[in-house]
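# Close look at the chain arrangement
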Amino acid sequence: MPLEPTLSGRMERRLPIIVVVRLEQAESANCDREERTYTDNISARGARVFSRYPWQIGDKVMVTPIREKTAPANVVYCQKLPDDRYGVGVKFQNQPVTWSVIRRYDGIEISSPAKLQSSTGGPDIKARDGTKAPLDKSEDVAKK
């Protein structure tokens, strides 16, 4: 029996795609937070983004990939990671985002991570015709 979206917390599956983004506060409070970082996974309705800063549930943020339209979002969780970073879950406001990376993978099957591993250690994404689809990565992203 499939889980209802309200029980799982997600309306659609996330794609394990790394996208370089600018993460910043939407409303400037006492401190300005802006950083260049990257996603862990994305969908048209939300993403998991890595951050150097802790965020509060409900914080309003802006997520902007390189050469793409900014997506306003709300923080839905913030998880402290072992390497002094944070995994931040964001839900996009208003309407689903239509970034090119999401449109590019429309109709692509995602293989199980246990079955296929890319050279980066993540799951391979294969198109239905069997060709390997590249992950969207930037050379200048350094894991901190």
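Definitions and limits used
Residues numbered from 1 in each chain as written. Predicted model: local features only at pLDDT ≥ 70, side-chain atom pairs only at ≥ 80, totals over all residues. Heavy atoms only, no water. Phe/Tyr/Trp six-rings, centres within 6.5 Å; stacked < 30°, edge-to-face > 60°. Helix = DSSP H or I, 4+ residues; strand = E, 2+ residues; numbered from the N terminus. Buried < 20%, exposed > 50% of the residue type's maximum accessible area, 1.4 Å probe, protein only. Lys NZ or Arg CZ within 6 Å of the ring centre and 35° of its normal. Contact = heavy atoms within 4.5 Å. Salt bridge = Lys/Arg side-chain N within 4 Å of Asp/Glu carboxyl O. Core = buried A, V, L, I, M, F, W, Y, C linked by side-chain atoms within 4.5 Å. Polar contact = N/O pair within 3.5 Å; in protein donor to acceptor, adjacent residues only side chain to side chain. Pairing = 2+ DSSP bridges. Axes fitted to C-alpha atoms, helices over the stretch in contact; angles between N-to-C directions.

For the rest of this paragraph, the subject is the packing of aromatic side chains. A full pass over the atoms with the stated rule returns two aromatic pairs. With 5.2 Å between their ring centres and 55° between their planes, tyrosine 38 and phenylalanine 50 make a pair best called tilted. Pair noted here: tyrosine 38 is in strand β2 (residues 34-42) and phenylalanine 50 is in strand β3 (residues 46-51), with a separation of twelve residues, a long-range link. The same class applies to tyrosine 38 as to phenylalanine 50, namely buried. A cation over an aromatic ring shows up here: arginine 33 above the ring of tryptophan 55, its NZ or CZ 4.5 Å from the ring centre. When the ring centre of phenylalanine 50 is taken as reference, the NZ or CZ atom of arginine 85 above it lies at 4.3 Å.

A few words on the environment of valine 61. Residue position: valine 61 is located in strand β4 (residues 60-65). Residue classification places valine 61 among the buried residues on the basis of a relative accessible area of 1%. Once the C-alpha coordinates of valine 61 and glutamate 24 are considered, the two residues, 37 residues apart in sequence, prove to be 5.5 Å apart. Ignoring any residue separated from it by four or fewer positions in sequence, one finds valine 61 in contact with Leu23, Glu24, Gln25, Ala26, Trp55, Ala71, Pro72, Ala73, Val75 and Val90.

Under the criterion given, the structure shown has six salt bridges. For arginine 85, the salt bridge identified is with aspartate 83, shortest N-O distance 2.8 Å. When its relative accessible area of 12% is taken as the criterion, arginine 85 is described as buried. Look at the salt bridges and you will find they share partners, linking Arg22, Glu24 and Glu34 into a network.

Moving on to the nonpolar core. Counting 24 residues, the largest nonpolar core has Val61, Val63, Val90, Phe92, Trp99 and Val101 as the members making the most contacts within it. Considering every element that reaches this core, the biggest residue donor is strand β6 (residues 86-92), with four residues. Once residues within four sequence positions are removed from consideration, phenylalanine 92 is found in contact with Ser43, Ala44, Arg45, Gly46, Ala47, Val63, Ala71, Pro72, Ala73, Val97 and Trp99.

This next bit is on the side chain of serine 51. Among the structural elements, serine 51 can be located in strand β3. Only 3.0 Å separates the side chain of serine 51 from the backbone nitrogen of tyrosine 53, close enough to count as a polar contact. Residues in contact with serine 51, not counting those within four places in the same chain, are Leu23, Glu35, Thr37, Arg85, Tyr86 and Val88.

This paragraph deals with the sheet that holds β6. As summarised here, the arrangement of the six strands in space is β1-β2-β3-β6-β5-β4, forming a closed barrel in which the pairing is antiparallel. When strand polarity is set aside, the average angle formed by the axes of neighbouring strands in this sheet is 45°. Relative to β3, β2 runs antiparallel, the two being bridged by three bridges. Of the residues in β3, the one forming a bridge with isoleucine 42 is alanine 47.

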